[in-house]
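As a plain string of letters, each chain reads:
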Amino acid sequence: MLSSSPLYSKVGSIGLALTWTLATFGAALSPVPASAQTAGPSYYRAELVKPAKDGRTIAGGQVWNCADTICVADKGIDRPLRVCRDLFRKTGDIANFTADGKQLEAKDLARCNA
C-alpha cells in the first residue's frame, strides 16, 4: 500500500497548505472594485475636500478604501485625531471625519488639517 506511507501523507499536507496560503494571499492582495470600496459599515469615515488620487492608501496604521471624496477604514488602535492627521498627510484636506459614528469637533478637525 503505497498511498498510506508517511511520505505521501506529508507531501499531500504540504501541497494542501501551499494551496491554502496562495489562495489567501491572492484574496488579500486582489483589488477591490470601486463600487464595493465604501460599501458596508466602517469604523472610520472621512470626507475629503478633493477626490482621492488612489483607491487605496495606508494611513494611521489602517488600509483606507477611497471612492471620489469618501474614504473608509476599519478600527485601529490610535486615537481618531491621530488617524485623521495621518490620512490628511496622505490625501490632503479633510472636510469631515467620523470615528464610530462620532464626528470630530471643529477644533479637532482644524488640528487634523494643520
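Residues numbered from 1 in each chain as written. Predicted model: local features only at pLDDT ≥ 70, side-chain atom pairs only at ≥ 80, totals over all residues. Heavy atoms only, no water.

Enquirer: Lay out unusual backbone geometry with the relevant residues and their values.
Expert: Positive phi values are uncommon outside glycine, yet Asp68 reaches one of about 60°. Within the secondary structure, Asp68 is located in the loop between strand 3 (62–67) and strand 4 (70–73). Exposure remark for Asp68: the relative accessible area of 53% places this residue in the exposed category. Backbone geometry places Asp100, a non-glycine residue, at a positive phi of 55°. The residue Asp100 is located in the loop between strand 5 (94–99) and strand 6 (102–103) in this model. By relative accessible area, Asp100 is classed as partly exposed at 46%. (Helix = DSSP H or I, 4+ residues; strand = E, 2+ residues; numbered from the N terminus. Buried < 20%, exposed > 50% of the residue type's maximum accessible area, 1.4 Å probe, protein only.)

Enquirer: Account for the environment of Leu109, naming residues and giving values.
Expert: Checked against the element boundaries, Leu109 lands in helix 4 (residues 106–112). Classification of Leu109 as buried rests on a relative accessible area of 15%. For the pair formed by Leu109 and Cys84, sequence separation is 25 residues and the distance between their alpha carbons is 8.1 Å.

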